[in-house]
Amino acid sequence: MVDASIRHRHGVRERRLLGVVGTLVWDKISRGNTAAETLTGWGGIGYALEALTVALPEPWSIGPIVKVGQDRAEEAFRFLRSLPRVRIGPGVVVVPEPNNEVEMRYAGHVRVTERLTGGVPPWTWEELAPLTRGCDALYLNFISGFEMELGTARRLREAFAGPTYADLHSLFLGLGRSGERVPQPLLRWTEWLCCFDAVQMNEAEFALLGHARGDPLKLAADAVGPELKLINVTLGPRGAAYVASPCFDPDPFTWPVRRGGLAVPGPVRSARVEGAAVAEGDGDPTGCGDVWGASCFSGLLTGASLEDAMAEANRRAARNVEHRGALGLGRHLDRQIDPAPGVK
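Residues numbered from 1 in each chain as written. Predicted model: local features only at pLDDT ≥ 70, side-chain atom pairs only at ≥ 80, totals over all residues. Heavy atoms only, no water.

K.L.:
Account for the sheet that holds strand S5 (residues 92-95), with residues named and values stated.
P.N.:
Pairing within the open sheet is mixed, and its 9 strands lie in the order S5-S4-S1-S8-S9-S12-S13-S14-S15. This sheet does not close on itself; its edge strands, each paired only once, are S5 and strand S15 (269-273). Across the sheet, the axes of successive neighbouring strands diverge by a mean angle of 15°, strand direction being ignored. Where strand S14 (residues 240-244) lies against S15, 5 bridges are found, and the strand directions are antiparallel. The residue of S15 that forms the bridge with Tyr242 is Ala271. (Pairing = 2+ DSSP bridges. Helix = DSSP H or I, 4+ residues; strand = E, 2+ residues; numbered from the N terminus. Axes fitted to C-alpha atoms, helices over the stretch in contact; angles between N-to-C directions.)

Set out below in structure tokens:
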């Protein structure tokens, strides 16, 4: 049998499935006090799914693994069916609890408040295991932070033989009494990081990760190795940075081979990839990190170098600012539609 990484490198076109674990969220995004300044619609993992339809070419298809509240189920299926190459299968599960909703308020490009309501429960390993078996790779995005518990993530690591890329985003957010999201350090962070081959976080989250030691870069250098190969840190308009282990290979299909192995001697690599220009105007930065991660992982899955994958992710994240909401974002990233009204 030909190894999957060899088939990948030699460009043999075979059907592949990317499993996408996350949460479909109904967003309410306010930028002022009038109805015209408020946008409602699908967000959450919807941003990544839209970006994947552009960033991940044939022969890949996209398999969402999401729980949807009964109250939004019909709208959710309508949205998912609108996305090219998204395979709606048993991974889309309707639950009786209310769907997750997020209300965000912005001042300029700065998010001032974020409030989460809803009750979509996390995945158990017994639920998740059969849904990941047919996947060639997994992209996980902790949109709510409650997609799964650490024990489930550990079981996933032990059982799933393909490469995994995780945006840890909302694992760094606590939940107040009224649903307000509050930044918090990631408890048991060493165990969380070892559950994935590559992880992503933004600059503020990276600082929280290093809260216990005071030096996040030193922490990141110590954290990467045969288990966690890559840490990506998004820096907004300044681009993104990475910390890669000595055994890092940009081909994700080599990542599982390293698991459980001895540390490879050599220096840890780190660098920053410059950001792309962001269009002037009243843009919307919601979902930029989701677009970035989906684009970067897609680039690696299809043979790009790390720096090239990050540069393309920077360009797509910058273009995301020109569009409001997740609906239609894929066509916008593919330059098939004009920017949203009010964006120049």
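Further notes follow.
K.L.:
For the pairing of strand S1 (residues 16-21), give the residues involved together with the corresponding values.
P.N.:
Counting buried positions over the 6 residues of S1 gives 6, a clear majority of the element. Here S1 shows two buried faces, one formed by Arg16, Leu18 and Val20 and the other by Leu17, Gly19 and Val21. In terms of strand pairing, S1 meets strand S4 (residues 60-69) through 6 bridges, oriented parallel. Directly across from Val20, in S4, lies its bridge partner Pro64. Taken together, the 4 bridges between S1 and strand S8 (residues 137-141) define a ladder with parallel strand orientation. By the bridge assignment, Leu18 is partnered in S8 with Ala137. (Buried < 20%, exposed > 50% of the residue type's maximum accessible area, 1.4 Å probe, protein only.)

K.L.:
Now, about the sheet that holds strand S7 (residues 110-117): what can you tell me, with residues and values included?
P.N.:
Within the open sheet, the 4 strands sit side by side as S3-S2-S6-S7. Their pairing is mixed. In the strand order of this sheet, the two ends are held by strand S3 (38-44) and S7, each with one partner. Mean inter-strand twist for the sheet, computed between neighbouring axes without regard to direction, equals 25°. Summarising the sheet, strand S2 (residues 24-30) and S3 pair through 7 bridges and their orientation is antiparallel. Of the residues in S3, the one forming a bridge with Leu24 is Gly44. Where helix H3 (residues 73-81) meets the sheet, it contacts S2 and S3, and its direction lies at approximately 95° from that of S2. (Contact = heavy atoms within 4.5 Å.)

K.L.:
Break down helix H11 (residues 306-320) for me, citing the residues and quoting the values.
P.N.:
In an α-helix, one turn spans 3.6 residues, which is why side chains three or four residues apart end up on the same side. For H11, with 15 residues, the first-to-last C-alpha span of 21 Å sits near the 21 Å given by 1.5 Å per residue. Counting buried positions along H11 gives 11 out of 15 residues, so the element sits mostly inside the fold. Leu306, Ala309, Met310, Ala311, Ala313, Asn314, Arg316, Ala317, Ala318, Arg319 and Asn320 are the residues of H11 that are buried. (Expected span 1.5 Å × (residues − 1).)

K.L.:
How would you summarise the pairing of S14 if you had to cite specific residues and measurements?
P.N.:
Where a strand is regular, its side chains alternate between the two sheet faces. Among the 5 residues in S14, 4 count as buried, and that is most of the element. Strand direction decides the pairing type here: strand S13 (residues 230-234) and S14, joined by 5 bridges, are antiparallel. Paired with Ile231 across the strands is Val243, a residue of S14. What sits between S13 and S14 in their antiparallel hairpin is a turn of 5 residues, with Gly236 showing a positive phi close to 65°.

K.L.:
Now, about the packing of helix H4 (residues 125-132) against helix H5 (residues 150-159): what can you tell me, with residues and values included?
P.N.:
Between H4 and H5, the shortest axis-to-axis distance is 10 Å and the interhelical angle comes to 30°. What the angle tells us is that H4 and H5 run roughly parallel. Judged by the sense of rotation from one axis to the other, the crossing of H4 with H5 is right-handed. Residues Trp125, Leu128 and Thr132 of H4 pack against Thr152, Arg155, Leu156 and Ala159 of H5. (Parallel < 35°, antiparallel > 145°, perpendicular 65-115°, else oblique. Left-handed = near helix turned anticlockwise from the far one by under 90°.)

K.L.:
How would you summarise the nonpolar core if you had to cite specific residues and measurements?
P.N.:
Counting residues in hydrophobic clusters, the biggest one holds 61 residues, and the most contacted among them are Leu18, Ile45 and Tyr139. Among the elements that take part in this core, helix H10 (residues 288-301) stands out by supplying 8 residues, more than any other. Beyond its immediate stretch of four places on either side in the chain, Tyr139 contacts Leu18, Gly19, Val20, Val21, Ile45, Ala48, Tyr165, Asp290, Gly293, Ala294 and Phe297. The next biggest cluster of nonpolar side chains, apart from the first, holds 39 residues, and it includes Leu17, Trp125, Leu171 and Phe172. (Core = buried A, V, L, I, M, F, W, Y, C linked by side-chain atoms within 4.5 Å.)

K.L.:
A description of the environment of Gly330 should follow, citing residues and the corresponding values.
P.N.:
Within the secondary structure layout, Gly330 lies in helix H12 (residues 329-333). Given a relative accessible area of 6%, Gly330 falls into the buried group. For the pair formed by Gly330 and Thr38, sequence separation is 292 residues and the distance between their alpha carbons is 21 Å. Once residues within four sequence positions are removed from consideration, Gly330 is found in contact with Glu50, Thr53 and Val54.

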